Each structure stands twice: as C-alpha cells, then as structure tokens.
Amino acid sequence: MATPKVVAVVGASTNRHKFGNKALRAFAHRGYDVIPVNPFHSEVEGLRCFPSVLDVTRRIDMATIYVPPEIGERVIEEVARKNIPEVWLNPGAESQSLVAHARRLGIEPVLACSIVAIGERPDDYADGPG
C-alpha cells in the first residue's frame, strides 16, 4: 500500500461550518494524512495543529489554502520556503495579487475547490460527527 499524500490544510478551523474544517475532514475521509495549520489553534478535529507549514518537521506534499488573500500573501512565502510542490487556492482564498506573488515564487497554484477535486461534496461536511 502506498504512503498517503500529506496534505496541509492552511486555515484549518475548529468551526465545523467553515471550509477549513470541512476540508480537513474530507481529506481525512479519503485517506490522506492531514495536517491542520492555523496559528490560533493547538488542535483541530483531534489532530495537532501547527502555527505555520514551517513548523511541520516532515515533508508536505500538498497545501490547500483556506485563508483570505491578504493572509495568503504571507502564507505563500512560507509554502515556498517549505518547498511544497502542490498548492491549491480555494474559492475566496485567491486574488490576482496572490496568484502573481505565487508565480514569482515559482508556484503555479491550482485555483479550484480541493474538496470537490478529491471527489467529496462540501455539503456532506456541514456539521455533526466526522
């Protein structure tokens, strides 16, 4: 069996109605090794939460970003420093400025909903037990 892809959910939330939480649960449901990233939480959905991708000591295969573009400007710098090869800017997280900044850093972000891309429906994670 192949090792599951390690996915950092940047903007992970303890609020089960927010996409940063829905994504965490959806990726975990699909068997991914998920890492919540949010400087305001120590744990999300029972998983240790990291303040930044730079605080994660192991490799990260993909970052899916759920923060406003103005925060994304800082986050994308950290993602570049961590050499994360696959980066998703989910709806509401993207801006022309952020995409341009990512490209200057050598990142070609995917502009789409990563939850849908893995075959899940965000509405299936509205609330309730994971």
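Residues numbered from 1 in each chain as written. Predicted model: local features only at pLDDT ≥ 70, side-chain atom pairs only at ≥ 80, totals over all residues. Heavy atoms only, no water.

Draft legend 1. Molecular detail of the nonpolar core. In terms of nonpolar packing, the biggest core is built from 24 residues, with Val53, Ile60, Ile65 and Val79 touching the most fellow members. Put simply, the parts of the chain that give this core at least two residues each are strand E1 (6–10), strand E2 (33–37), strand E5 (62–65), helix H2 (69–82), strand E6 (86–89) and helix H3 (96–104). Residue contacts for isoleucine 60: discarding those within four places in its chain leaves Val6, Ala8, Ile35, Val53, Lys82, Ile84 and Pro85. Val9, Phe27, Cys49 and Cys113 belong to the second largest nonpolar core, which has 17 residues in total. (Core = buried A, V, L, I, M, F, W, Y, C linked by side-chain atoms within 4.5 Å. Buried < 20%, exposed > 50% of the residue type's maximum accessible area, 1.4 Å probe, protein only. Helix = DSSP H or I, 4+ residues; strand = E, 2+ residues; numbered from the N terminus. Contact = heavy atoms within 4.5 Å.)

Draft legend 2. Representation of the packing of aromatic side chains within the structure. Scanning the entire structure with this criterion turns up one aromatic pair. Seen from their ring centres, phenylalanine 27 and tyrosine 32 are 5.0 Å apart, and the 70° between their planes marks the pair as edge-to-face. Using a relative accessible area of 25% as the deciding quantity, one classes tyrosine 32 as partly exposed. The ring of phenylalanine 19 has lysine 22 lying over it, and the distance from NZ or CZ to the ring centre is 4.7 Å. (Phe/Tyr/Trp six-rings, centres within 6.5 Å; stacked < 30°, edge-to-face > 60°. Lys NZ or Arg CZ within 6 Å of the ring centre and 35° of its normal.)

Draft legend 3. Geometry of the sheet that holds E1. A sheet is described by the order of its strands in space; here five strands give the open sequence E2-E1-E5-E6-E7, paired in parallel fashion. Of all strands in the sheet, those bounded by a partner on one side alone are E2 and strand E7 (110–111). Looking at chain direction, E6 and E7 are connected through two bridges and run parallel. Bridge assignment links tryptophan 88 to a residue of E7, and that residue is valine 110. Helix-sheet contacts for H2 involve E1, E5 and E6, and the interaxial angle to E5 is about 175°. (Pairing = 2+ DSSP bridges. Axes fitted to C-alpha atoms, helices over the stretch in contact; angles between N-to-C directions.)

Draft legend 4. A look at unusual backbone geometry. Phi at glutamate 45 is positive, roughly 55°, even though this residue is not glycine. Assignment of secondary structure puts glutamate 45 in the loop between strand E3 (43–44) and strand E4 (47–48). In this structure, asparagine 83 is a non-glycine residue whose phi angle is positive, near 60°. Along the chain, asparagine 83 falls in the loop between H2 and E6. Judged by relative accessible area, which is 62%, asparagine 83 ranks as exposed.

Draft legend 5. Region of the structure containing the environment of glutamate 45. The exposure class assigned to glutamate 45 is partly exposed, which follows from its relative accessible area of 35%. Between the alpha carbons of glutamate 45 and alanine 63 there is a distance of 18 Å; along the sequence they are 18 residues apart. If sequence neighbours within four positions are ignored, glutamate 45 has contacts with Arg16, Asn21, Leu24 and Arg25. Within the structure, the side chain of glutamate 45 is placed 2.8 Å from the side chain of arginine 16, a separation counted as a polar contact. Within the structure, glutamate 45 has its side chain in polar contact with the side chain of asparagine 21 (distance 2.9 Å). (Polar contact = N/O pair within 3.5 Å; in protein donor to acceptor, adjacent residues only side chain to side chain.)

Draft legend 6. Main features of the environment of phenylalanine 27. Here phenylalanine 27 lies in helix H1 (residues 19–29). Judged by its relative accessible area of 0%, phenylalanine 27 falls in the buried class. Counting along the chain gives 21 residues from phenylalanine 27 to valine 6, while the straight-line C-alpha distance between them is 9.7 Å. Setting aside residues no more than four positions away along its own chain, phenylalanine 27 makes contact with Val7, Tyr32, Val34, Met62, Thr64, Ser114 and Ile118.

Spatial relationships are all this shows, so hold off on functional conclusions.
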